[in-house]
Amino acid sequence: MVGPSTLFHRRKHSWPPEEFITKTTLQLLDFDSAAPPPHAWRRRLNCHANILKEFTITFREAIKMVRLGIRLWSYVREEASHGRKAPIDPFTKENCKPSASQGVPLGGMGSGSISRGFRGEFKQWQITPGTCDPSPMMSNQFSIFISREGGHKKYASVLAPGQHGSLGKTRDKGISSWGWNLNGQHSTYHALFPRAWTVYDGEPDPELKISCRQISPFIPNNYRDSSLPAAVFVYTLVNTGKERAKVSLLFTWANSIGGTSHMLGGHVNEPFVGEDGVSGVLLHHKTGKGNPPVTFAISACETQNVNVTVLPCFGLSEDSSFTAKDMWDKMEKDGKFDQENFNSGPSVPSTAGDTICAAVSATAWVEAHGKCTVSFALSWSSPKVKFSKGSTYDRRYTKFYGTSPRAAVDLVHDALTHYKRWEEDIEAWQNPILRDERLPEWYKFTLFNELYFLVAGGTVWIDSASVRANGNSQLQQSDLGNSDGGVDSKDQQNNRDNCDSNGIESNGEASVTDQSNGLFVDTSHVDDDVGRFLYLEGVEYVMWNTYDVHFYASYALLMLFPKIELNIQRDFAKAVLSEDGRKVKFLAEGNLGIRKVRGAVPHDLGMHDPWNEMNAYNIHDTSKWKDLNPKFVLQVYRDFAATGDYQFGIDVWPAVRAAMEYMEQFDRDNDDLIENDGFPDQTYDTWTVHGVSAYCGCLWLAALQAAAAMALQIGDKFFAELCKNKFLNAKAALEAKLWNGTYFNYDSGASSNSKSIQTDQLAGQWYTASSGLPPIFEDSKIKSTLQKIFDFNVMKTKGGRMGAVNGMHPDGKVDETCMQSREIWTGVTYAAAATMILSGMEEQGFTTAEGIFTAGWSEEGFGYWFQTPEGWTMDGHYRSLIYMRPLAIWGMQWALSLPKAILDAPKINMMDRVHMSPRSRRFSHNSRVVTHKAKCFGDSSLSCSC
């Protein structure tokens, strides 16, 4: 743990609010959280949102990948013929080009998400799982209408700058007829996820200061409210003029879930009047392609000083009975809608080709030198999650709100009545970090803002009760538990006897087999059950819970939602012990294999039918990857040590043991060290490895140590001795083959890049230090390696202003062996920074991570805020926006504040071992003994004399 006196105090990247907002305005807004916080990511609304540039491959890389490209193109077409997306599709491009315009997304986790750009546009629609439409719906806006007593001053404007290119070139009866009068020069955006502030400092009315505070229920350890699809917009109005002002705020919303869905027809809008002054409009959306329906609610809260009216339906075409222009003219004239609109009932369903919208107006008088607060809320009720191969589940929030479309009313009601409590909880969580004087300012707000991915990363959070109702054997935890802690029943044994080792039933048909031996606990009936959780590798790489990437990202979930993290590990533990014999064609080589091999950790939990059809990734056969199994063991041990959840350890131990045993086949020369197989058999899936690898070898050493430590705590002392013996032999072999006196060579092969300096070579040491285990190498070797990475991969990459390049030759030239060796990976850079911090190299760690901020988040950078990609090239061109791995910044926070459970974890002495012969060190030689010992785990004392 890094103490106050040792933490490097970086030169501050400082963006005080006073540089963006006048001090007078800040003082006027200094009540009810209306003023933006001292630490936040800031932009002016008139900032240019440049179009982002995507990476391209070199001619040499294209030649190497041509066969893969042909097979991938064929596979994408085949999936499209079945109405499905391929998990990786580099050929289909969105019409809306990505730009540097993102902001804080809306809502909690796992119920579908909508992002909001820093200039106010609602975009990045992810209501249907696995789909993301980036195009903004420009009719979804907040607008303001201001008139002063005497009538000599009037203002009417959309609260977004300028006229968007999609609005139309001439004034018509659509939204281009609205008042797009905001310049944005004096309006600013301030982001501190999960909140954002937009301050209009005298725009459009010089005598009215406006703050809009966007609040979403992302609250650590709150497994109820953090699942809610709702957001609140609190407007604070301060009248600096000498006359009182009548102010009407308008919230407009299209009946759409992005793309062209609003044009499909069959949509219905309906006004509602709820409790506690909450009223608004429901927008019932009929989705296409058999997807479950969605109901939006837009609403405002009526108070003694605020009057709420609605317009349930208006259209965007000139043929509409009430057009967008009619709506705007009505607001300019009256500042409100007719009260009888609340009695209009459901609208006639929209016809195909027409777009229907709704509006909510909240009107208040603001006295001269007075203040007023107006609150709006948005919710989207999409209770069912349907995956493309048929499985349907209830979202997590339905556990508390039910599955009725009208749950949207309850959601906006509770959002408007509870948001102050949400803010109190958010501030209690964030303030200790924000007030820590040791930390650089850029780090404080970037740490929180990178969490955007847990909302906007395609997350799906389902209720366990719907799993049981769905009758899904692969997903149900209730199938898995035995109260005796793992002793097989006769029925379970008989079921397994009917299948051969390849997951083939006795009749020869391929099948999915569950070989988990019943060693799981049924958590679905426990009061604190938190359901099942999925998130995408990225919006361009559509695979759920990609495990080699979760390895980096998981620190965020462990620190903030540890019960979700443990459930993800349980899902993978079950997967390790299962097999899916269905045939799959792997695209890199065109060879056939089976979908899931028993003992191998899956790459992901699937795409079209997660949990039931794993390994959507089909570029390589990941059962031959060398990093997945060690990463599983390392994550499980870290989570076990950090949470102190002993039952979790018992539950997953058989899978940990199986994962370790599986890896023994990759020790080709019996030195207890695994070897790579001459293809990209790890997370760097275009970067070939020959022989012993620094990255995979280090992970293997760390996994041996973690498995030994866990075995001792579980009570499996014999397996611990096996791992300790293997560790010492493997360590000696790795150092002999890769250590060059300064760092570890990339691999033991004879290729041109075998001596490259890999940024990620100490990933295993990162986890070892994070888990309270002894270092896997001598301290001098660890620090020498990290210093080499810092001096070369970081500081020779644009002077440290871009992050750490993945590979660097010892002569200081970038390793251009392949696409990935020459890239800078954001999450890997954060992970390297965390490793440096854990090794007492805080200055180098923060300088390393600051390069990602400078290139990705700062005004001088490339514009990747709230869409941090997997990586970028030396010229800043991105690959794979909105990606999981950058959540690794929370690995830095973990390093800065190691929990007491880790600091107090039992220490293991890897040197204290029973010497074994080479043959007796083999897991396979001892598998029967180890399995027999597992039978003793039902004994609460865990003493075993077998």
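Numbers given for residues are sequential positions, taken from 1 along each chain in its written order. A pLDDT threshold of at least 70 governs which residues receive local features in this predicted model, and a stricter bar of 80 or more applies before side-chain atom pairs are shown or counted, although totals over entire chains, interfaces and linings include all residues. Hydrogen atoms and water are omitted, and side-chain values are computed over all heavy atoms in the structure.

What follows deals with the overall build of the protein chain. Only runs of H or I of at least four residues qualify as helices and only runs of E of at least two qualify as strands under DSSP, and these elements are numbered from the N terminus. If you tally the helices and strands in the protein chain, you get 23 helices and 30 strands. Categorising residues by exposure relies on relative accessible area from a 1.4 Å probe, with only protein chains included: less than 20% of the type maximum marks a residue as buried, more than 50% marks it as exposed, and the intermediate range marks it as partly exposed. When each of the 946 residues of the protein chain is scored for burial, the buried share is 65%. Contact criterion: two residues are considered in contact whenever any of their non-hydrogen atoms come within 4.5 Å of each other. A separation threshold of at least 6 residues defines the contact pool for the protein chain, and within that pool the share at least 24 residues apart is 72%. Of the accessible surface of the protein chain, which amounts to about 32,300 Å², a share of 50% is contributed by carbon and sulfur atoms. Note on areas: these come from Shrake-Rupley sampling with a 1.4 Å probe, and a residue is covered only by the protein chains present in the view.

A pair is scored as a salt bridge if a Lys or Arg side-chain nitrogen falls within 4 Å of a carboxyl oxygen belonging to Asp or Glu. Per the stated rule, a full pass over the model turns up 47 salt bridges. The salt bridge partner of Glu207 is Lys153, with a shortest N-O separation of 3.3 Å. With a gap of 54 residues between them, Glu207 in the loop between β7 (195–201) and β8 (208–215) and Lys153 in the loop between β4 (141–148) and β5 (154–158) connect regions that are remote in the sequence. Across the salt bridge formed by Glu423 and Arg195, the nearest N and O atoms sit 2.6 Å from each other. Taken together, the residues span a long stretch of sequence, with Glu423 in helix α6 (residues 407–434) and Arg195 in strand β7 at a distance of 228 residues. Beyond isolated ion pairs, a larger network of salt bridges with shared partners links Arg148, Lys153, Asp205 and Glu207.

Strands pair, by our definition, only if DSSP identifies at least two bridges between them. Pairing in this open sheet of five strands is antiparallel, and the strands run β5-β4-β10-β15-β14 from one edge to the other. Taken across any chain shown, the strands that pair with only one partner, and hence form the sheet edges, are β5 and β14 (306–315). In this sheet, adjacent strand axes meet at a mean angle of 15° when their direction is disregarded. Relative to strand β10 (residues 245–254), β4 runs antiparallel, the two sharing eight bridges. Note on β10: the bridge partner recorded for Ser147 is Lys246. Whenever a helix is involved, its axis is fitted only over the stretch in contact; in every case the axis is a line through C-alpha atoms, and angles between N-to-C directions fall within 0 to 180 degrees.

Looking now at the environment of Thr323. Examined against the element boundaries, Thr323 turns out to sit in the loop between β14 and α4 (324–334). When the C-alpha atoms of Thr323 and Ile175 are compared, they prove to be 9.0 Å apart, with 148 residues separating the residues in sequence. Leave out the neighbours within four places in its chain, and Thr323 touches Lys173, Phe314, Gly315, Ser317 and Glu318.

In this section: the sheet that holds strand β28 (residues 824–825). The strand order across the open sheet formed by three strands is β28-β29-β30, and the pairing between neighbours is antiparallel. Since the sheet does not close on itself, it has two edges, and those belong to β28 and β30 (878–879), each with one partner. Taken together, the two bridges between strand β29 (residues 871–872) and β30 define a ladder with antiparallel strand orientation. Its bridge partner being in β30, Trp872 is matched across the sheet by Tyr878.

Another point: the packing of helix α19 (residues 826–838) against helix α20 (residues 842–856). As a packed pair, α19 and α20 sit with axes 7 Å apart at the nearest point and diverge in direction by 165°. Considering their axes alone, α19 and α20 lie roughly antiparallel with respect to each other. In the packing of α19 onto α20, the handedness of the crossing is left-handed. Contact residues: Thr826, Thr829, Tyr830, Ala833, Met836 and Ile837 in α19; Glu842, Gln844, Gly845, Phe846, Thr848, Ala849 and Ile852 in α20. Each angle receives one of four descriptions, namely roughly parallel if under 35 degrees, roughly antiparallel if over 145, roughly perpendicular if within 65 to 115, and oblique otherwise. Whether a crossing is left-handed or right-handed is set by the direction in which the near helix is turned from the far one by less than a right angle, anticlockwise for left-handed and clockwise for right-handed.

The next subject is the packing of α19 against helix α21 (residues 889–896). Packed helix pairs are characterised by how far apart their axes lie and by the angle those axes make with each other. At a closest axis distance of 7 Å, the pairing of α19 and α21 adopts a crossing angle of 10°. In terms of orientation, α19 and α21 fall into the roughly parallel class. Where α19 approaches α21, its residues Tyr830, Ala833, Ala834, Ile837 and Leu838 are matched on the opposing element by Ile889, Gly891, Met892, Ala895 and Leu896. Here the contact of α19 with α21 is built from residues that sort into nine nonpolar, one polar and no charged. Throughout, the ten residues Ala, Val, Leu, Ile, Met, Phe, Trp, Tyr, Cys and Pro are labelled nonpolar, Asp, Glu, Lys and Arg are labelled charged, and all others, Gly among them, are labelled polar.

Okay, the nonpolar core next. We call a set of buried residues a nonpolar core when its members are Ala, Val, Leu, Ile, Met, Phe, Trp, Tyr or Cys and they connect through side-chain atoms within 4.5 Å of each other. If you look at the biggest cluster of nonpolar residues, it comprises 300 residues, and the most contacted ones within it are Phe233, Phe376, Leu451 and Phe632. Among the elements that take part in this core, helix α15 (residues 694–714) stands out by supplying 17 residues, more than any other. Those residues in contact with Phe632 that lie beyond four places of it in its chain are Tyr547, Gln569, Phe572, Ala573, Val576, Val601, Ala655, Val656 and Ala659.

Before going further, it helps to examine the side chain of Asp685. Within the secondary structure layout, Asp685 lies in the loop between β24 (676–677) and β25 (690–691). In this count, Lys and Arg are taken as positive residues and Asp and Glu as negative ones, while His and the chain termini are left out. The buried charged residue Asp685 lacks any salt bridge partner; its closest oppositely charged side chain belongs to Arg879, at an N-O distance of 6.0 Å. Counted as a polar contact is a pair of N or O atoms within 3.5 Å, where, for protein atoms, one must be capable of donating a hydrogen and the other of accepting one, and residues adjacent in sequence contribute only when both atoms are in side chains. Only 2.7 Å separates the side chain of Asp685 from the side chain of Tyr617, close enough to count as a polar contact.

Moving on to helix α14 (residues 646–663). Expected span of a helix, by definition, is 1.5 Å for each gap between consecutive residues, and there is one gap fewer than residues. Helix length check: α14, at 18 residues, gives a terminal C-alpha distance of 25 Å against a target of 26 Å (1.5 Å per residue), a fit within 8%. Fitting one axis to the seven residues ending at a residue and another to the seven starting there, the bend at that residue is the angle between the two axes. At Val652, α14 shows its largest kink, close to 45°, and the proline Pro654 lies no more than four residues downstream. Within α14, 15 of the 18 residues are buried, which leaves it mostly tucked inside the rest of the structure. The backbone nitrogen of Gln647 has a side-chain oxygen 3.3 Å away, supplied by the residue at the start of α14, namely Asp645.

The step from Phe193 to Pro194 runs through a cis peptide bond, and the omega angle for that step is 10°. Along the chain, the position of Pro194 falls in the loop between β6 (187–192) and β7. The linkage connecting Glu203 with the following residue, Pro204, adopts the cis geometry, with an omega of -5°. Secondary-structure assignment places Pro204 in the loop between β7 and β8. Unusually for a residue other than glycine, Ser33 sits at a positive phi of about 60°.

Tracing the chain through its elements places Thr683 in the loop between β24 and β25. Setting aside its immediate chain neighbours within four residues, Thr683 contacts Asp548, Tyr552, Trp625, Asp627, Lys631, Tyr695, Trp825 and Arg885.

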